[in-house]
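Given next are the chains, with one letter for each unit.
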Amino acid sequence: MRRLNSGEAFETFLQTKFVGQKRFSLEGGESVIPLLDRILTQAAEESLDEVCIGMPHRGRLNVLANLAGKSYGQIFREFEGKQQPGSVQGSGDVKYHLGTEGTFETEEGETTNVYLAANPSHLEAVNPVLEGIVRAKQDKLDKGEEFSVLPVLMHGDAAFAGQGVVAETLNLSQLRGYRTGGTIHVIVNNQVGFTTSPSQSRSSVYCTDVARMVQAPIFHVNGDDPEACVRVAQLAYDYRQAFNKDVVIDMVCYRRRGHNEGDDPR
Ligand SMILES: Cc1ncc(C[n+]2csc(CCOP(=O)(O)OP(=O)(O)O)c2C)c(N)n1
């Protein structure tokens, strides 16, 4: 409840304070914040070494602020265009691409490290990069089959169905040379890709059908029911820990605004 409130308050604040500025809001899909909170809390309680997240632009600022421990001050400064002068991209767009490293803390004070990979605009390209980063971290820890670094990949519904690299990365997931002990995939399924409806962007029934190629369990959950989202997050986490295989959560929600805040939602 607390995470949901902070997630929502964060979006409302930015919408009021930085009118019309691009932020790729999470409005309509805020339940992903308590969903991720469950995964991170569980990881902290079970003393996993780290949770590594790869994600697209949508909801990124919210995840950075509410889960990855980046300060509000830093994010607002970036909104005001006062980011590092050394930044390669002069435009304010850099804020959706930057990664971070932080600490996640549970209500009881247990902690785990959180790593958010930097990503380019090219959707889903971060997937194999994140897996490689996780695999390298696991190899360095040298804990054998413990897989104590947990990869979490977030996706948009259109991108998950549309980008070939999703299938390529799933295909690597069980190979000795590449495996990372199971990735938790979270799809923020707002049922639109830019301006394209599902009926015009995929031939499969579900946006997650590509994950059936590795027989991953797929949970379809109502994003308007945060408690259900938290429950499937727990199930997905438990599945990953028990079987060390990929698992998918398809959180069906909506998008309140346009693709970004410069667009008319119509
Ligand atoms: C590889 C790639 N193709 C196209 C684009 C242009 N593009 C940016 S956002 C977007 C729609 C993505 O829709 P979805 O994955 O459902 O995420 P949403 O924005 O709805 O959260 C597209 C096509 C891109 N960024 N990367």
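Residues numbered from 1 in each chain as written. Predicted model: local features only at pLDDT ≥ 70, side-chain atom pairs only at ≥ 80, totals over all residues. Heavy atoms only, no water.

## Describing the overall build of the chain
Heads up, the condition is: Strands are runs of DSSP state E lasting at least 2 residues, helices are runs of H or I lasting at least 4, and numbering of each runs from the N terminus. For this measure, only C-alpha atoms enter the radius of gyration; the expected value for a globule follows 2.2 Å times N^0.38, where N is the number of residues. Contact between two residues is taken to exist if any of their heavy atoms lie within 4.5 Å; hydrogens are not considered. Residue-level accessible areas treat just the shown protein chains as cover; the underlying method is Shrake-Rupley with a 1.4 Å probe. When charges are counted, neither His nor the chain ends are considered; positive counts come from Lys and Arg and negative counts from Asp and Glu. In this description, the location of a charge corresponds to atom NZ of lysine, CZ of arginine, CG of aspartate or CD of glutamate.
The secondary structure content of the chain amounts to 8 helices and 7 strands. Against the 2.2 N^0.38 benchmark of 18 Å for 266 residues, the chain shows a C-alpha radius of gyration of 17 Å, consistent with a compact globule. Taken over the C-alpha atoms alone, the chain extends approximately 50 × 45 × 35 Å along its principal axes. In the chain, of all internal contacts separated by at least 6 residues, the share reaching a separation of at least 24 is 76%. Element-wise, carbon and sulfur atoms account for 49% of the exposed surface of the chain, whose accessible area totals about 12,400 Å². Where the 27 positive side-chain charges of the chain centre and where its 35 negative ones centre are 4 Å apart.

## Section: the site of the ligand
What counts here: In these notes, residues near a molecule or strand are those with any non-hydrogen atom within 4 Å of it. Polar contacts here mean pairs of N or O atoms no more than 3.5 Å apart (in protein, one a potential hydrogen donor and the other a potential acceptor; neighbouring residues in sequence count only if both atoms are side-chain atoms).
In the region of the ligand, 15 residues are neighbours, and Arg58, Ser121, Asp157, Ala159 and Val192 sit closest. Ala158 is positioned such that a nitrogen or oxygen atom in its backbone is 3.0 Å from an oxygen atom of the ligand. For the ligand, an oxygen atom lies 3.0 Å from a polar atom in the side chain of Asn190. Starting from 590 Å² of accessible surface for the ligand in isolation, the protein chains cover 76%. The dominant element in the shell around the ligand, judged by the number of residues it contributes, is helix 6 (residues 157-162), at 3 residues.

## A word on the pattern of salt bridges
Under the convention used in this document: The salt bridge definition used is simple: a Lys or Arg side-chain nitrogen within 4 Å of an Asp or Glu carboxyl oxygen. Remark: exposure states derive from per-residue accessible area (1.4 Å probe, protein chains only) relative to the maximum for the residue type, with buried under 20%, exposed over 50%, and partly exposed in between.
Tallied over the entire structure, the rule returns 8 salt bridges. Note that Glu107 is salt-bridged to Arg2, the shortest N-O span being 2.6 Å. With a gap of 105 residues between them, Glu107 in the loop between strand 2 (100-105) and strand 3 (111-116) and Arg2 in helix 1 (residues 2-17) connect regions that are remote in the sequence. Judged by its relative accessible area of 61%, Glu107 is exposed. Judged by its relative accessible area of 48%, Arg2 falls in the partly exposed class. We note a salt bridge from Asp139 to Arg135, for which the minimum N-O separation is 3.2 Å. Of this pair, Asp139 and Arg135 both sit in helix 5 (residues 126-141), 4 residues apart, which is roughly one turn of the helix.

## A look at the packing of helix 1 against helix 4 (residues 72-79)
Where we set the bar: Lines fitted to C-alpha atoms define the axes, with helix axes restricted to the stretch in contact, and inter-axis angles between N-to-C directions lie between 0 and 180 degrees. For this classification, under 35 degrees means roughly parallel, over 145 means roughly antiparallel, 65 to 115 means roughly perpendicular, and everything else is oblique. A crossing counts as left-handed when the near helix is turned anticlockwise from the far one by less than a right angle, and as right-handed when that turn is clockwise. The classification used treats Ala, Val, Leu, Ile, Met, Phe, Trp, Tyr, Cys and Pro as nonpolar, Asp, Glu, Lys and Arg as charged, and all other residues, Gly among them, as polar.
Here helix 1 crosses helix 4 at 25°, and the two axes come no closer than 13 Å. If you check the angle between helix 1 and helix 4, you find them roughly parallel. For the crossing formed where helix 1 meets helix 4, the hand is right-handed. Counting all contacts with helix 1, which are made through Ser6, Phe10, Phe13 and Leu14, the residues of helix 4 involved are Tyr72, Ile75, Phe76 and Phe79. When grouped by side-chain class, the residues that make up the contact of helix 1 with helix 4 number 7 nonpolar, 1 polar and no charged.

## Regarding the sheet that holds strand 4 (residues 149-156)
What counts here: Strands are labelled as partners when DSSP assigns at least two bridges between them.
The mixed open sheet is built from 7 strands, whose spatial order is 2-3-1-4-5-7-6. Each end of this open sheet is capped by a strand with a single partner; those strands are strand 2 and strand 6 (218-222). With direction set aside, neighbouring strand axes in the sheet form an average angle of 20°. Summarising the sheet, strand 2 and strand 3 pair through 6 bridges and their orientation is antiparallel. Of the residues in strand 3, the one forming a bridge with Glu101 is Tyr115. Where helix 5 meets the sheet, its contacts fall on strand 1 (50-54), strand 2, strand 3 and strand 4, and the angle it forms with strand 4 comes to roughly 175°.

## Describing the side chain of Thr169
Relative to the helices and strands, Thr169 is located in helix 7 (residues 164-172). Residue classification places Thr169 among the buried positions, given a relative accessible area of 8%. A distance of 2.7 Å separates the side chain of Thr169 from the backbone oxygen of Val165, its partner in a polar contact.

## Some remarks on the nonpolar core
Our working definition: Here, nonpolar core means buried Ala, Val, Leu, Ile, Met, Phe, Trp, Tyr and Cys residues that are tied together by side-chain atoms lying within 4.5 Å of each other.
Ranked by size, the top nonpolar core spans 47 residues in total, and within it Val32, Val152 and Ile184 carry the most contacts. Counting residues per element, this core draws most heavily on helix 2 (residues 32-45), which supplies 8 residues. For Val32, the residues in contact, after removing those within four places along its chain, are Leu26, Met154, Val186, Val188 and Met251.

Take it as geometry only, folks, not as evidence of what the structure does.
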